[in-house]
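# Summary of the model geometry
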Amino acid sequence: MTAIHTRCRPGDIALVTNEEPGCEDNIGRTVIVQNKFVVDPELGLMWEIATVTDVPWVALRNMGRGGGLRHYQICQTHSDRSIVYQADKWLMPVRDPEFAGGGITLHLEDS
């Protein structure tokens, strides 16, 4: 079993601090961390996120079935069903320092 300590936790509001080349327009955007995640071999733990504006989200990776490296834009709002993931290490949670707490520790089964 592998333990991964995260920066974010579900429900956090976070700022995007880094992105893949070609997706730099996402840096500085505000997102809400959802309850689902995947583990990417290159980027590590990636949270499902929801954007807080109607501005299109630029993405390179399709994390769904039959994924592959493609450049596409997703316009995601709270009512949209598009699924977007972002690396935990590229998110900075916005929390009141007095009540900051921290991320969470996930215990993942080794495959």
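A brief report on the enclosed structure follows. (Residues numbered from 1 in each chain as written. Predicted model: local features only at pLDDT ≥ 70, side-chain atom pairs only at ≥ 80, totals over all residues. Heavy atoms only, no water.)

### Things to note about the sheet that holds strand S8 (residues 91-93)
Basically, it comes down to this: We call two strands paired when DSSP finds no fewer than two bridges between them. Runs of E in the DSSP output that reach at least two residues are strands. Runs of H or I that reach at least four are helices, and both are numbered from the N terminus. Note on definitions: angles span 0 to 180 degrees between N-to-C directions of axes, and those axes are lines fitted to C-alpha atoms, for helices only across the stretch in contact.
With antiparallel pairing, 5 strands are arranged side by side in an open sheet as S7-S4-S3-S2-S8. Strand pairing shows two members of the sheet lacking a second neighbour, strand S7 (84-87) and S8, which therefore form its edges. The sheet shows a mean angle of 50° between the axes of neighbouring strands, taken without regard to direction. As defined by bridge partners, strand S3 (residues 30-40) adjoins strand S4 (residues 44-51) across 7 bridges and the pair is classed as antiparallel. Following the sheet pairing, Asp40 is matched in S4 by Gly44.

### A look at the side chain of Asn26
The condition that has to hold: Should any heavy atoms of two residues lie within 4.5 Å, those residues are considered in contact.
Among the secondary structure elements, Asn26 is positioned in the loop between strand S2 (13-16) and S3. Dropping the residues within four chain positions of it, Asn26 is found in contact with Val16, Glu19, Trp57 and Val58.

### A look at the pairing of S7
For clarity, the cut-off: A simple rule labels every residue: compare its accessible area, found with a 1.4 Å probe on the protein chains alone, to the largest value its type can have, and call it buried under 20%, exposed over 50%, or partly exposed in between.
The alternating pattern of S7 places Val84 and Gln86 on one face and Tyr85 and Ala87 on the opposite face, and all of these are buried. Where S4 meets S7, 4 bridges bridge the pair, whose relative direction is antiparallel. Within the sheet, the bridge partner assigned to Ile49 lies in S7 and is Val84.

### Topic: the side chain of Glu19
The cut-off we apply is this: N or O atoms within 3.5 Å of each other form a polar contact, as long as, within protein, one can give a hydrogen and the other can take it, and as long as residues adjacent in sequence are counted only when both atoms are side-chain atoms.
Mapping Glu19 onto the fold places it in the loop between S2 and S3. Engagement of the side chain of Glu19 in a polar contact is seen with the side chain of Asn26, the distance being 3.0 Å. Polar contacts involving the side chain of Glu19 include one to the side chain of Gln86, which spans 3.1 Å. Setting aside anything within four residues of it in sequence, one finds Glu19 in contact with Glu24, Asn26, Ile27, Trp57, Val58, Gln86 and Trp90.

### Describing the environment of Trp90
Summarising the element assignment, Trp90 is placed in the loop between S7 and S8. Separated by 74 residues in the primary sequence, Trp90 and Val16 place their C-alpha atoms 5.9 Å from one another. Non-local contacts of Trp90, meaning those with residues more than four positions away in its chain, are made with Leu15, Val16, Thr17, Asn18, Glu19, Glu20 and Leu43.

### Looking at the nonpolar core
Here is a general trend for soluble globular proteins: nonpolar side chains tend to be buried in one another's company. As a reminder, the rule being used: Grouping buried Ala, Val, Leu, Ile, Met, Phe, Trp, Tyr and Cys residues that are joined through side-chain atoms within 4.5 Å yields what is termed a nonpolar core.
If you look at the biggest cluster of nonpolar residues, it comprises 14 residues, and the most contacted ones within it are Val31, Trp47, Ile49, Trp57 and Leu91. For this core, the elements supplying multiple residues, two or more each, are S2, S3, S4, strand S5 (57-61) and strand S9 (105-108). No other element matches S4, which puts 3 residues into this core. Beyond its immediate stretch of four places on either side in the chain, Val31 contacts Asp12, Ile13, Ala14, Val16, Ile49, Ala50, Thr51, Trp57 and Leu91. Within the second largest apolar cluster, 5 residues are counted, among which are Leu43, Met46, Tyr85 and Ala87.

### With respect to the pattern of salt bridges
Put simply, the rule reads: When a carboxyl oxygen of Asp or Glu lies within 4 Å of a side-chain nitrogen of Lys or Arg, that pair is called a salt bridge.
A full pass over the atoms with the stated rule returns 2 salt bridges. Salt-bridge contacts for Arg9 lead to Asp12; the nearest nitrogen and oxygen are separated by 3.7 Å. Residue class for Asp12 comes out buried when judged on its relative accessible area of 8%. What emerges from the salt-bridge pattern is a single network uniting Arg9, Asp12 and Arg95.

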